[in-house]
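Chain by chain, the residues:
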Amino acid sequence: MPLDLAALEERLAYRFRDRSLLERALTHRSWTFENAARGRPALESNEQLEFLGDAVLGLLASEILMQRYPDLGEGRLSQFKARLVSASHLHERARRLELGAFLRLGRGEEVSGGRAKKTLLADALEAVIAAVYLDGGLDEARSFVVRHILSGVDLEKIAERQDFKSLLQELAQARGLPAPRYRTVGAAGPDHSKVFTVEVCVGPELAARGEGSSLKAAGQRAAEILLRKLSGLEG
């Protein structure tokens, strides 16, 4: 069944000059593999567009946040950005757009509920962001991100109820990285005034250490430092 691209364009509030970009953004690799196995011509999957969309979204989210909150420090900006680019937030926004109804999925992915899968929908939305960027340029992509990713988000309220550990976990998930692992690496000082050191690792190469008056505080500090690194706000 052909995709109703015009109906989706209405939802996106963007009309493509090159609709093949939108088609590709909606094409999951399961569709590509299935059609190739049957000897049928198939569109490329959206994996490369997803890769590009992740970078475009990260850039634009950083730019917009800096403009909106010129007095905020890196730590708070990192919190806000991590939330905006998280798989949870992108999934929720993709559901608002009913993006799942427009995806091209292979049979196996279809019967396993792929149209509602969190990661699949988040990835598809990133691919659509890349398609808009390639079709209309950075200004159109910026408008799209403001309209569909940032609109109606109370970032201050989000920051109040979320901690650095949960934000780091969301960002790691959004990047396809392993879940953060924490370990205590030190405790110094007298019992009434100990300073704990906790290390957090995401995969074999990404790590940070934080200190605090409790294990919880040290873990939060370590997560904050690594979150800033992953968000591209710190070297």
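In the block above lies the structure referred to throughout.
What comes next concerns the included structure. (Residues numbered from 1 in each chain as written. Predicted model: local features only at pLDDT ≥ 70, side-chain atom pairs only at ≥ 80, totals over all residues. Heavy atoms only, no water.)

**Things to note about helix H5 (residues 74–84)**
Under the convention used in this document: Categorising residues by exposure relies on relative accessible area from a 1.4 Å probe, with only protein chains included: less than 20% of the type maximum marks a residue as buried, more than 50% marks it as exposed, and the intermediate range marks it as partly exposed. In DSSP terms, a helix is any run of H or I states spanning at least four residues, a strand is any run of E spanning at least two, and both are numbered starting from the N terminus.
With nine of 11 residues buried, H5 lies mostly within the body of the structure. Residues of H5 that are buried include every one of Gly-75, Leu-77, Ser-78, Gln-79, Phe-80, Lys-81, Ala-82, Arg-83 and Leu-84, and no others.

**Details of the packing of aromatic side chains**
Put simply, the rule reads: Two aromatic rings, drawn from Phe, Tyr or Trp (for Trp, its six-membered ring), form a pair once their centres lie within 6.5 Å of each other, and the interplanar angle then sorts them: stacked below 30 degrees, edge-to-face above 60, tilted otherwise. Charge over a ring is defined by NZ of Lys or CZ of Arg lying within 6 Å of the ring centre and within 35 degrees of the ring normal.
All chains considered together, the criterion is met by two aromatic pairs. Judged by centre distance (4.9 Å) and plane angle (90°), the rings of Tyr-14 and Phe-16 are edge-to-face. Across this residue pair, the class does not change: Tyr-14 and Phe-16 are buried. We note Lys-165 situated over the ring of Tyr-182; from NZ or CZ to the ring centre the distance is 4.5 Å.

**Let's talk about the environment of Gln-67**
Note that Gln-67 resides in helix H4 (residues 47–68). For Gln-67, a relative accessible area of 57% translates into the label exposed. Sequence spacing of Gln-67 and Gly-136 is 69 residues, and the spatial spacing of their C-alpha atoms is 22 Å.

**Here we look at the side chain of Ser-45**
Here is the rule: Between two residues, a contact is recorded if the distance between any of their heavy atoms is within 4.5 Å.
Mapped onto the fold, Ser-45 is located in the loop between helix H3 (29–37) and H4. Residue Ser-45 is classed as buried on the basis of its relative accessible area, which comes to 13%. For Ser-45, the residues in contact, after removing those within four places along its chain, are Arg-24, Thr-27, His-28, Arg-29 and Thr-32.

**As for the packing of helix H6 (residues 87–96) against helix H8 (residues 118–136)**
Rule in force here: Where helices are involved, their axes are fitted lines through C-alpha atoms of the stretch in contact, as for all axes, and angles between N-to-C directions lie from 0 to 180°. Reported orientations rely on four angle classes, namely roughly parallel under 35 degrees, roughly antiparallel over 145, roughly perpendicular from 65 to 115, and oblique for the rest. Residues are grouped as follows: Ala, Val, Leu, Ile, Met, Phe, Trp, Tyr, Cys and Pro are nonpolar; Asp, Glu, Lys and Arg are charged; every other residue, Gly included, is polar.
Contact geometry of H6 with H8 gives a least axis separation of 8 Å together with a crossing angle of 80°. Relative to H8, H6 is oriented roughly perpendicular. Residue-level contacts link Ala-87, Ser-88, Leu-90, His-91, Arg-93, Ala-94 and Arg-95 of H6 to Lys-118, Leu-121, Ala-122, Leu-125 and Glu-126 of H8. In terms of residue class, the contact of H6 with H8 is made up of six nonpolar, two polar and four charged.

**Here we look at the nonpolar core**
Quick reminder of the rule: By nonpolar core we mean a set of buried residues, namely Ala, Val, Leu, Ile, Met, Phe, Trp, Tyr and Cys, connected to one another through side-chain atoms within 4.5 Å.
Grouped together as the largest cluster of nonpolar side chains are 62 residues, with contacts concentrated most on Leu-26, Leu-99 and Val-128. The biggest single contributor to this core is H8, with 11 residues. Filtering out sequence-adjacent residues up to four positions away, Val-128 remains in contact with Leu-12, Leu-22, Ala-25, Leu-26, Leu-99 and Phe-144.

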